[in-house]
Amino acid sequence: MVKLDKDKDLKKEYQKVFDSYESDLIIEEVPSEEVSGVSPVYYMPHRPVVKLSSTSTKVRPVFDASATGYNGVSLNDCLLSGPSLNPDLVEVLIRFRRWPFAITAEITKAFLQVSVQKNDKDVHRFLLPREDGTVRHMQFTRVPFGNTASPFLLNATIKHHLDKYPETSVIQELTSNMYTDNWLSGADSVVEASEKFCKARSNLADASMDLTKLVSNGLLITSKSHDQYLVSGDEPNTVLGLKWCNSQDTFSFVAINPDTSVEIASTKRSILSVIAKIFDPLGLISPFVMYGKILFQELWKLNVSWDEEMPSDLKSKFQKWLLSSQCLKSFHVNKCYFPELSWGELRNVELHGFGDASEKGYGACVYLRVTLEDNSSKVSLVASKSRVVPIKTVTLPRLEIMGALLCSRLVDFVKTSLKLDSNTQVVCWTDSTIALSWIHDMFGFSMLTNTPCHHKEGSTLVSDTKETSTKSTVCLSVQGEPESPFIDLNKYSDLSKTLRVTAYVLRFINNCRNVKNKLKGSITTEEIDLAKLKMIYLIQREEFSDEIKTLMNNKPIPQVKQIGPIHRR
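Residues numbered from 1 in each chain as written. Predicted model: local features only at pLDDT ≥ 70, side-chain atom pairs only at ≥ 80, totals over all residues. Heavy atoms only, no water.

A few points about the packing of aromatic side chains
- Enumeration over the complete set of coordinates arrives at 18 aromatic pairs.
- With centroids separated by 6.4 Å and ring planes inclined at 90 degrees, the aromatic side chains of F18 and F63 adopt a geometry described as edge-to-face. Separated by 45 residues along the polypeptide, F18 in helix α2 (residues 8-23) and F63 in strand β3 (residues 59-63) bring together distant segments of the chain.
- The interplanar angle of 65 degrees and the centroid separation of 5.0 Å between the aromatic rings of F111 and F145 together place this pair among those described as edge-to-face. Taken together, the residues span a long stretch of sequence, with F111 in the loop between β4 (101-107) and β5 (125-129) and F145 in the loop between β6 (135-140) and α4 (150-162) at a distance of 34 residues.
- In this structure an aromatic cluster arises from ring pairing among Y14, F18, Y21, F63, F126 and F140. (Phe/Tyr/Trp six-rings, centres within 6.5 Å; stacked < 30°, edge-to-face > 60°. Helix = DSSP H or I, 4+ residues; strand = E, 2+ residues; numbered from the N terminus.)

Comments concerning the side chain of H124
- Relative to the helices and strands, H124 is located in the loop between β4 and β5.
- Here D120 takes part through its backbone oxygen, which lies 2.8 Å from a polar atom of the side chain of H124. (Polar contact = N/O pair within 3.5 Å; in protein donor to acceptor, adjacent residues only side chain to side chain.)

What to know about the environment of P61
- Examined against the element boundaries, P61 turns out to sit in strand β3.
- On a C-alpha basis, the gap between P61 and V49 in space is 6.1 Å, while along the polypeptide they are 12 residues apart.
- Sequence-distant contacts of P61, defined by excluding residues within four places in its chain, comprise Y14, V17, F18, Y21 and R47. (Contact = heavy atoms within 4.5 Å.)

Description of empty space enclosed by the protein
- What the rule picks out here adds up to two cavities of 30 Å³ or more.
- Reported here for the largest cavity is a volume of approximately 70 Å³.
- If you trace the largest cavity, you find it lined by L85, N86, P87, N155, I158, K159, L162, L174, T175, M178 and T180.
- Residue assignment for the lining of the largest cavity shows that the elements contributing at least two residues are α4 and α5 (169-176).
- The biggest single contributor to the lining of the largest cavity is α4, with four residues.
- Partitioning the lining of the largest cavity into residue classes produces six nonpolar, four polar and one charged.
- Each pocket or cavity is described by its volume, and for the second largest cavity that value is around 40 Å³.
- Mapped onto the lining of the second largest cavity, the elements with two or more residues apiece are α3 (89-96), β16 (377-388) and α10 (396-417).
- With three residues, the top contributor of residues to the lining of the second largest cavity is β16.
- Here the lining of the second largest cavity is built from residues that sort into seven nonpolar, one polar and one charged. (1 Å grid on protein atoms, 1.4 Å probe; cavity = no way out; pocket = protein on both sides within 12 Å on 5 of 7 lines; lining within 4 Å. Points joined across faces, edges and corners; volume = space filled by probe spheres on them. Nonpolar A, V, L, I, M, F, W, Y, C, P; charged D, E, K, R; others polar.)

A word on α4
- Its 13 residues place the ends of α4 18 Å apart at the C-alpha level, agreeing with the 18 Å of an ideal helix rising 1.5 Å per residue.
- When we look at burial in α4, the residues that qualify are S150, L154, N155, I158, H161 and L162. Along the long axis of α4, the arc covered by the buried residues comes to 130 degrees, so they all point the same way.
- At its buried positions, α4 is contacted by β4, α5 and α6 (190-205). (Expected span 1.5 Å × (residues − 1). Buried < 20%, exposed > 50% of the residue type's maximum accessible area, 1.4 Å probe, protein only. Arc of directions from axis to C-beta.)

So, the sheet that holds strand β10 (residues 237-239)
- One open sheet holds the four strands; their spatial order is β10-β11-β12-β13, and the pairing between them is antiparallel. At either end of the open sheet lies a strand with only one pairing partner, and these are β10 and β13 (332-334). Within the sheet, the average angular offset between the axes of one strand and its neighbour, ignoring direction, is 40 degrees.
- As paired elements, strand β12 (residues 250-252) and β13 share three bridges and run antiparallel to each other. Within β13, the residue paired with S252 across the bridge is H332. (Pairing = 2+ DSSP bridges. Axes fitted to C-alpha atoms, helices over the stretch in contact; angles between N-to-C directions.)

Considering the pairing of strand β15 (residues 361-371)
- Of all 11 residues that make up β15, eight are buried, and the element is covered over most of its length.
- Here strand β14 (residues 349-357) pairs with β15 via nine bridges, running antiparallel. By the bridge assignment, V349 is partnered in β15 with V370.
- Counted along the chain from β14 to the antiparallel partner β15, the turn is three residues long.
- Alignment of β15 against β16, held across 11 bridges, turns out to be antiparallel. Residue V370 lies in a different strand from β16, and its bridge partner there is K378.
- Here β15 folds back onto β16 in antiparallel fashion, the turn holding five residues, of which N375 has a positive phi close to 70 degrees.

Purely geometric stuff here, so don't read any function into it on its own.
Next comes the structure, spelled out in structure tokens:
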């Protein structure tokens, strides 16, 4: 408490918080007869945290339940954290962008609304100094934020409470879009959004939880009827870590180093620190972030130590990257996918995913496309993901396949997040004819029963896109390059291991094509048998390639090939 003694104003404000806690029965003084002789007992250290940007409490206490006692054990060491009951943060943000009229709200002192059992109060104690220098022994009657189990207890309490209600649209929104104590929702109209907030607030009030700090881009929603819950001001609000300017209904970003007078050290540690500070869960600025990740990988390859100065060429790139971040201040993304359209009335909704790769990275992005009554279309970026290539050398075609896989997974994730109908048209795109031909060659096992397909110069390859009847035609020009094998058999000396690897690859291909009927669990005997057939097919195609080509041209084989031991080259 030495810091508080030096700052009388801070000490006064800090004491006010505890006074309000005590008046609200959040904390209570330990009865004198129970101060000693009780076991187990744990006292949590606490300190004030000042947050001037807060619209409610500028000063609040923070308790450290991870501090060890005389026996070297902390309270958190003795608590189970419980499973995470929060929805996926990216899913919540993707759904939040649906609504033309969005609303966010927060449960006031959410953790402090959950009671602590009487037997557990003794391990939630803390000391509070008096003006005369003596101390009071206090204990929590509610769950403090510092406990490792606090998030689980809060979420479990809310879900238990909401389960008592019929499954209305508001209850669904509270269940799926409540992230800890933050609620993100919206509607297609101002009236509907306002009613949704009132109903949600009423439902949570039954559990003695106050839904307040209302923020919306609809002026009528933040009318006089909601003034007591309203957060005012034109400054961007933070929505699960993203900057949302509700007056303009846009997401914005901040520069890495807004104070140009402060120079960031050009070291591997500093570049990692800068990357970690960029919060972009939807991948809206992936190209910018990707450049920093590539720089970090180049430093890693050079085996530069954490605090060693970068080589001059990389230092120059790093400083230019930092300088270019100033452009982020003027970069804005519409929060809503289609601000002028009603989400509930959208028809002909399509998802389009694009996967691509280069020698330095690969990535994917997903767009939402709707067709209007006049046959015009509107398109909006939903999310993107990017990856730096592995340090181990990987061929470009394989990177294209990895980009296609990332695209497929991202499209499926977006479709699930938006809760789109199963009949929604989904199309995945790639500009790599090699990757596309590999995918067609490896999906299913028709090549084992049907005549093998060989593409001659000038022939076409028809793309059969996922969940859609749309087809694209790609012209191939064969230059005589050797075809990359399905699996390199020279890498494995053990037949059983080769069969297992092949089986897993075939399962991956099957799961990419049949998203609704994915194979899971251990490799089955049937999959091993299919892998064996696939290996036989590949070896025959390699060892008898001339004979196969001859037969494909409807010509007789001039000479019977002698079959003997196969010598792998």
